[in-house]
Amino acid sequence: MASSANANNMNAVRETMDVLLEISRLLNTGLDMESLSICVRLCEQGINPEALSSVIKELRKASDSLKVRTCSGDRDRYLQNGVNRDTIEQGCPHF
Amino acid sequence: MAALDQKSPNVLLQSLCCRITGKSEAEVAHQFQYAVRVVGSNYAPTIERDEFLVSEKIKKELLKQRREGDAALFSELHRKLQTQGVLKHRWSVLYLLLSLCEDPRKPSRVGSYGALFAQALPRDAHSTPFYCTRPGSLPLSYPERSGPGGVQISTSMGTSGISSLGVYSLNGPTPTPQPLLAGHPPQTAGQQLGSRLAWALPNSSALAPTSRAPLAPSPLSTRAPRPRHDGDLTGELGVGEAALVRDILYVFQGIDGKFIKMSNTDNCYKIDSKVVLCKSLRDTSNRLAELGWLHNKIRKYTDSRSLDRAFGLVGQSFCASLHQELKEYYRLLAVLHSQLQVEDDQGVNLGVESSLTLRRLLVWTYDPKVRLKTLAALVDFCQGRKGGELASAVHAYGKTGDPQMRALVQHILSLVSHPILNFLYRWIYDGELEDTYHEFFVASDPTVKTDRLWHDKYSLRKSMIPTFITMDQARKVLLIGKSINFLHQVCHDRTSPGKITPASKSTDSPKDAAELLSDLEGAFQGKIDAAYFETSKYLLNVLNQNYLLLEHLQAMRRYLLLGQGDFIRHLMDLLKPELARPATTLYQHNLTGILETAVRATNAQYDNAEILKRLDVRLLEVSPGDTGWDVFSLDYHVEGPIATVFTRECMSHYLRVFNFLWRAKRMEYILTDIWKGQMCNAKLLKSMPELSGVLHQCHILANEMVHFIHQMQYYITFEVLECCWDELWNKVEKAQDLDHIIAAHEGFLDSVISRCLLDTNSRSLLNQLRAIFDQIIEFQSAQDSLYRSALEELTLRLQYEERKKQRDSEGEWGVTAEQEAEENRRIQEFQETIPKMRSQLRILTHFYQGIVQQFLVLIMTSPDESLRFLSFRLDFNEHYRARDPRLRASLGATRGRRPSNI
């Protein structure tokens, strides 16, 4: 009985995940199945979705900029110091 | 979930980091740290936990991207999700997905907002969590000016910019520096609302957006990042900028806002004095409020005009074009409003970059303001005008150097003049005038009947002639339509106008009107000219062939102006015994009979039957003491289209001239009779030598009179009639339309009348002439009585001689003494009457000569040259001049002299 319940559960879960994947595809979020499942789990645990989404965006951005920046040493240094070339150009205060 | 939910969030987070960045765990340590911090700090979300709201937002987002099918699909999936009931926090998952949502059509993003994150990162590294940073301290993102289009990082902004509007509204203006810089292809893909905003700003004009580079937002790019003060100081300075912006948006539509209200006394928008505002805000709001004032003005005009029933087609099209412009303006307002809406939805989180400020409004509404100003000025200028006047007013405004304004006004002009040109084409090609509101410049008078159609029915309404149509064109237009109507109604010629003029396509759309207006000199003029020539030619053809206009003209000359000499002569011969009777005893039918006889006996019989049947006798009004000669006149009946040329006034002129000519002819006739009598009786009365003096006198006087009349006839026939007729005929042959013929004809009659001394200036001359004629008649009667008594005497004497001879032959005394005495006595008596006759004749002669001298004096000083030459001919041997000192001045000297000087 437990196994059938489990099996049902598994089915339901799979279906749900499929639906969510579909939605995510519709919305063009760029999340693949595994990331999506991680996100879902995080949300189920009560994480603030706003925070989570900002994190994801930031991670993506960071990863893209990492790809762009060809100078190898600067990259890490920048990231550690949190100084972007742009901010230097802008003359904005940086920390 | 069953197998996995045991993992702690941290682990999950770490794996997520690895997954997304694609790096190993060690390398993402920093990111992981950051993620943990972010997630851990902000436990409570700032938005509502409303699944419905989120799903609606998603749908809206999908619809914004115009993916209705996908929206439906999503609803389906959502429903499924709800039924499955596996997830507990559906809303958070959906929210997450929504926030990660990206528009596939979105333009590749300028500006890596990584700058923001890069800054946020270190901040976070210190102490301020991301979401706790006040929006005010975040600098505005600056567009990435990387040369080669950069890597357009197509991620959304760091803010929870769920609604792409917030993002794109900033994105909107910012792409513009790119085209300015590197010829980067303008971001045409993905007309998001925000970018639409940028396009909409300069395109809030009715112009077809030809250039994609908006003009307005360049000032935006020079926006230096500035900290936002105003938004923060809501509490302290009374009214915040956001509230003002809201108010201004209402004011733009003409609705009173909370703080800014319409002040009717000053006719402007005023900020409530109770409101505390800093000066810059106050000034800016005042400047912006002007737009609302302009809008109100235009709106008031269109509203009031739409209620006005009698405004007419031109006015309606004007209002429609104004409406169109206002629509574009409203579109801009809608965009701005939606901006505001979005801000409301998102609350403060949206941050600085996307909100509306007064300065932004100022810049964005600059172009619309200029347009609205033009429109308001136009509205002012066009107050109270309609029809062609309105078109003229709009045209006047088109003469400006500013190309935008000119384009706008040209557009309105083409719409406004479209109905007028329609009227025009219908009038030219069909002759129809359907102008209920009196807007067209051709006016039709419905009370006029068909016989006066040509002259009176159609006229030009000068006020309604638009300024882009010249007076000459307007007259031609009037003439063309008039001709068509004339053909239809008076000549009963129903050929469709399509056959007359190959009708070119009329203005079907305002675009045609615009094309036409741009080429007024060429195409328009050509159209009108073509229609004019064809129609007039056709009309003249119809008149000449069907109605024999030219024949009638010639017939007038022949009959009424005594051109047909043999006919007139014969007529006069036949009428002489009739007309000698008093006028009251004359009957028209008798005279008509005589006329017929005359026609049949002379060359007149070969004339056209049409003409002959119009010839008739007319008896003028009878005054007491008139003989037939005074009341007799010929007449010529005209009707139908011919009556247009030979109007009633013309006919009365003709009759006057006929009268004059007839009288002159009669004098000629009388003198001929006198001469005949003289010739016959001279021989007979040779035996009475005592009469020779008297007879001599008679002969001299008669000769004088003959000479006079002869010269007058010469003058009338050759100098007046022939010359005028020649001129008329030339003009008629060269005439291009009916108006020319009518004008030429009237000119002809005028000159004939003035030179026949029949007009008011020559009244004295005419009186003299009449006096001369009367003298001639008197002379005739005097001569007649003279001859009668002389011939009587002659017969008596002859009888006496006869008897004497008879008696002689019978053998008696020729005459007895008393017979002889009786005879002698009788002869004595007779001879005593002779001096009386002589004196009578002398008086007559004297009187006659006096009148002629006066006549000569008057003629010599007349302004008409041919009359002066007539005086020369009349006095060729200076016979009169010798008698009258006034005439001694030579012809050269009298030129320019007043009679009083003589």
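Rules used throughout
Residues numbered from 1 in each chain as written. Chains lettered and ligands numbered in written order. Predicted model: local features only at pLDDT ≥ 70, side-chain atom pairs only at ≥ 80, totals over all residues. Heavy atoms only, no water. Helix = DSSP H or I, 4+ residues; strand = E, 2+ residues; numbered from the N terminus. Buried < 20%, exposed > 50% of the residue type's maximum accessible area, 1.4 Å probe, protein only. Areas by Shrake-Rupley, 256 points an atom, 1.4 Å probe, with all protein chains shown as cover. Contact = heavy atoms within 4.5 Å. Expected span 1.5 Å × (residues − 1). Arc of directions from axis to C-beta. Pairing = 2+ DSSP bridges. Polar contact = N/O pair within 3.5 Å; in protein donor to acceptor, adjacent residues only side chain to side chain. Core = buried A, V, L, I, M, F, W, Y, C linked by side-chain atoms within 4.5 Å. Phe/Tyr/Trp six-rings, centres within 6.5 Å; stacked < 30°, edge-to-face > 60°. Lys NZ or Arg CZ within 6 Å of the ring centre and 35° of its normal. pLDDT = per-residue confidence, 0-100. Salt bridge = Lys/Arg side-chain N within 4 Å of Asp/Glu carboxyl O.

Participant: Would you mind showing me how to read the overall build of chain A here?
Facilitator: What chain A contains, in helices and strands, is five helices and zero strands. Counting all 95 residues of chain A, 52% fall into the buried class. Accessible surface for chain A amounts to roughly 4,500 Å². Of this, 52% is attributable to carbon and sulfur atoms.

Participant: Please clarify how the overall build of chain B should be interpreted in this entry.
Facilitator: Looking only at helices and strands, one finds 36 helices and six strands in chain B. Taken over 902 residues, chain B has a buried fraction of 49%. When contacts within chain B are restricted to residue pairs at least 6 apart in sequence, those whose partners lie at least 24 apart make up 74%. A total accessible area of about 43,100 Å² is found for chain B, and carbon and sulfur atoms account for 53% of it.

Participant: It is not clear to me how helix H25 (residues 588–601) of chain B should be interpreted in this structure. Could you clarify?
Facilitator: The periodicity of an α-helix, 3.6 residues per turn, causes residues three or four places apart in sequence to face the same way. Residues and elements named next belong to chain B. Helix length check: H25 (14 residues) gives 20 Å between terminal C-alpha atoms against 20 Å at 1.5 Å per residue, within 8%. Leu591, Ile594, Leu595, Ala598 and Val599 are the residues of H25 that are buried. What you see down the axis of H25 is that its buried residues fit within an arc of 140 degrees, all on one side. For H25, the exposed residues set more than 90 degrees away from the buried face come down to His589 and Arg600. The elements touched by buried residues of H25 are helix H24 (565–579), helix H26 (609–612), strand E5 (615–619) and strand E6 (632–636).

Participant: It is not clear to me how the pairing of strand E1 (residues 260–263) of chain B should be interpreted in this structure. Could you clarify?
Facilitator: Residues and elements named next belong to chain B. The pairing of E1 with strand E2 (residues 268–271) spans four bridges and is antiparallel. Within E2, the position partnered with Lys261 by the bridge is Lys270. Connecting the antiparallel pair E1 and E2 is a turn made up of four residues, with Asn267 showing a positive phi of about 55 degrees.

Participant: I keep staring at the side chain of Asp616 of chain B and nothing clicks. Help me out?
Facilitator: All names here are of chain B. For Asp616, the location among the structural elements is in strand E5. Within polar-contact distance, the side chain of Asp616 engages the side chain of His637 at 3.3 Å. Sequence-distant contacts of Asp616, defined by excluding residues within four places in its chain, comprise Gln588, Thr592, Leu595, Ser633, Leu634, Asp635 and His637.

Participant: In this structure, what is going on with helix H31 (residues 738–755) of chain B? I would like to understand it.
Facilitator: Residues and elements named next belong to chain B. Given a rise of 1.5 Å per residue, 18 residues ought to cover 26 Å, and the 26 Å separating the end C-alpha atoms of H31 matches this to within 8%. One side-chain oxygen at the N-terminal end of H31 lies 2.8 Å from the backbone nitrogen of Asp739; it belongs to Asp737. Two residues or fewer after H31 comes Leu757, characterised by a positive phi angle close to 65 degrees.

Participant: Please clarify how the nonpolar core should be interpreted in this entry.
Facilitator: All names here are of chain B. Residues Phe441, Phe567 and Trp662 are the most contacted members of the largest nonpolar core, which totals 198 residues. The element best represented in this core is helix H30 (residues 692–734), accounting for 18 residues. In contact with Trp662, not counting residues within four places along its chain, are Leu562, Ile568, Leu571, Met572, Leu575, Leu579, Trp629 and Phe632.

Participant: Even after reading the chapter, I still don't get the packing of aromatic side chains, so can you show me in this structure?
Facilitator: Aromatic rings in a pair are described by how distant their centres are and how their planes are angled relative to each other. Residue and element names in this part refer to chain B. On inspection of all chains with the given rule, the structure shows 19 aromatic pairs over all chains. Here Tyr532 and Phe533 contribute two aromatic rings whose centre-to-centre distance is 5.5 Å and whose plane-to-plane angle is 55 degrees, an arrangement assigned as tilted. Phe533 sits in the partly exposed class, given a relative accessible area of 43%. Plain terms: the ring middles of Phe646 and Tyr654 are 6.4 Å apart, the flat faces sit at 50 degrees to each other, and that makes the pair tilted. The residues Phe646 and Tyr654 share a single accessibility class, namely buried. Lying over the aromatic face of Tyr532, Lys476 brings its terminal NZ or CZ to 5.2 Å of the ring centre.

Participant: I keep staring at the confidence of the model for chain B and nothing clicks. Help me out?
Facilitator: Residue and element names in this part refer to chain B. Looking at chain B as a whole, the pLDDT averages 76, with 77% of positions reaching at least 70. When the criterion is pLDDT under 50, residues 107–237 qualifies, and its contacts beyond four places in sequence or with other chains add up to 210 contacts. With pTM at 0.60, the complex prediction returns an ipTM value of 0.71.

Participant: Just to check I follow, could you spell out the pattern of salt bridges for this structure?
Facilitator: All names here are of chain B. Counted by the stated rule, this structure contains 30 salt bridges over all chains. The residue Glu56 makes a salt bridge to Lys59 at a minimum N-O spacing of 3.4 Å. Taken together, the positions of Glu56 and Lys59, both in helix H3 (residues 51–64) and three residues apart, correspond to about one turn of that helix. Residue Glu56 is classed as partly exposed on the basis of its relative accessible area of 30%. Among the residues examined, Lys59 registers a relative accessible area of 23% and is labelled partly exposed. Lys279 is the partner of Asp283 in a salt bridge, and the nearest nitrogen-oxygen pair spans 3.2 Å. Linking Asp283 with Lys279, this pair stays in helix H12 (residues 279–307), spanning four residues, or about one helical turn. Given a relative accessible area of 35%, Asp283 falls into the partly exposed group.

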